[in-house]
Amino acid sequence: VQLQASGGGLVQAGGSLRLSCAASGRISNTNVMGWYRQAPGKQRELVADITTNGSTNYGDSAKGRFTISRDNSQNAVYLEMNSLRPEDTAVYYCRARRSYFPVYDYWGQGTLVTVSS
């Protein structure tokens, strides 16, 4: 199973980007999918995650600016990012995890988001 993330790039402060991530291979679509990010010299942090039934959880940095959504039929997750700031610059990783049988925890390869001031 692979998670393929896309949509990163260079954007000016105040701009928007939409990240996408889809799972290839067969996995149960009853899971939590989410986005994390890691800036240079910093620990990886949660941006947002979403359960199969649509319950969402946002990190403090994302609240009010980012929106996470998913397509259960495609095992895909999306992140709409608005009002981007230079401090949002990071590699963004998608994740799909399930804590009960069948347990799994998959990470995507990361997509770079660079926000210029």
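Everything below is about the structure shown above.
K.L.:
Could you give me a rundown of the environment of Arg37, with the residues and numbers involved?
P.N.:
Its location among the elements puts Arg37 in strand 4 (residues 32–38). For the pair formed by Arg37 and Asp88, sequence separation is 51 residues and the distance between their alpha carbons is 8.7 Å. Beyond its immediate sequence surroundings of up to four residues, Arg37 is in contact with Gln43, Arg44, Glu45, Val47, Ser61, Phe66, Glu87, Asp88, Ala90, Val91 and Tyr92. At a separation of 3.1 Å, a polar atom in the side chain of Arg37 contacts the side chain of Ser61. At 2.9 Å, the side chain of Arg37 forms a polar contact with the side chain of Asp88.

K.L.:
Describe the nonpolar core, with residues and values.
P.N.:
By size, the foremost hydrophobic cluster in this structure holds 28 residues, and its most contacted members are Trp35, Val47, Phe66, Val77, Leu79, Met81 and Tyr92. Once residues lying within four places of it in the same chain are set aside, the contact partners of Met81 are Gly15, Ser16, Leu17, Leu19, Arg65, Phe66, Tyr92 and Val113.

K.L.:
Which residues make up the packing of aromatic side chains, and what values go with them?
P.N.:
For the structure shown, the criterion picks out two aromatic pairs. Geometrically, the ring pair formed by Tyr104 and Tyr106 is stacked, given 5.2 Å between the ring centres and 25° between the ring planes. Given the relative accessible area of 8%, Tyr104 is considered buried. Looking at Tyr106, the relative accessible area reads 27%, which means it is partly exposed. When the ring centre of Tyr93 is taken as origin, the NZ or CZ atom of Arg44, which lies over that ring, is 3.8 Å away. Directly above the aromatic system of Trp107 lies the positively charged group of Arg44, at a separation of 4.7 Å from the ring centroid.

K.L.:
For the sheet that holds strand 8 (residues 76–81), give the residues involved together with the corresponding values.
P.N.:
Judged by pairing direction, the sheet is antiparallel, and its four strands sit side by side in the order 1-3-8-7 without closing on themselves. In the strand order of this sheet, the two ends are held by strand 1 (2–6) and strand 7 (66–71), each with one partner. The average angle at which neighbouring strand axes cross in this sheet is 15°, direction not considered. Examined bridge by bridge, strand 3 (residues 17–24) and strand 8 share six bridges and lie antiparallel to one another. If you follow Leu17 over to strand 8, its bridge partner there is Met81.

K.L.:
Outline the state of the cysteines, listing residues and values.
P.N.:
Taken as a whole, this structure holds one disulfide when the rule is applied. Here Cys21 is linked by a disulfide to Cys94, with a sulfur-sulfur distance of 2.0 Å. Classification of the bridge connecting Cys21 and Cys94 rests on its S-S torsion, roughly 55°, and on that basis the disulfide is right-handed. Taken as a pair, Cys21 in strand 3 and Cys94 in strand 9 (residues 90–98) lie far apart in primary sequence, 73 residues in all. Across the pair, Cys94 and Cys21 agree in class, each one buried.

K.L.:
Provide a residue-level description of the pairing of strand 5 (residues 45–51), including the pertinent values.
P.N.:
Bridge count between strand 4 and strand 5: six bridges; the pairing is antiparallel. Looking at strand 5, one finds that Trp35 is bridged to Ala48. With antiparallel pairing between neighbouring strands as the criterion, strand 4 and strand 5 make up a hairpin whose turn holds six residues, including Gly41 at a positive phi of roughly 80°. Following strand 5, the chain reverses through four residues before pairing antiparallel with strand 6 (residues 56–58); Gly54 in that reversal takes a positive phi of roughly 95°.

Thresholds applied
- Residues numbered from 1 in each chain as written.
- Predicted model: local features only at pLDDT ≥ 70, side-chain atom pairs only at ≥ 80, totals over all residues.
- Heavy atoms only, no water.
- Helix = DSSP H or I, 4+ residues; strand = E, 2+ residues; numbered from the N terminus.
- Contact = heavy atoms within 4.5 Å.
- Polar contact = N/O pair within 3.5 Å; in protein donor to acceptor, adjacent residues only side chain to side chain.
- Core = buried A, V, L, I, M, F, W, Y, C linked by side-chain atoms within 4.5 Å.
- Buried < 20%, exposed > 50% of the residue type's maximum accessible area, 1.4 Å probe, protein only.
- Phe/Tyr/Trp six-rings, centres within 6.5 Å; stacked < 30°, edge-to-face > 60°.
- Lys NZ or Arg CZ within 6 Å of the ring centre and 35° of its normal.
- Pairing = 2+ DSSP bridges.
- Axes fitted to C-alpha atoms, helices over the stretch in contact; angles between N-to-C directions.
- Disulfide = S-S within 2.5 Å.

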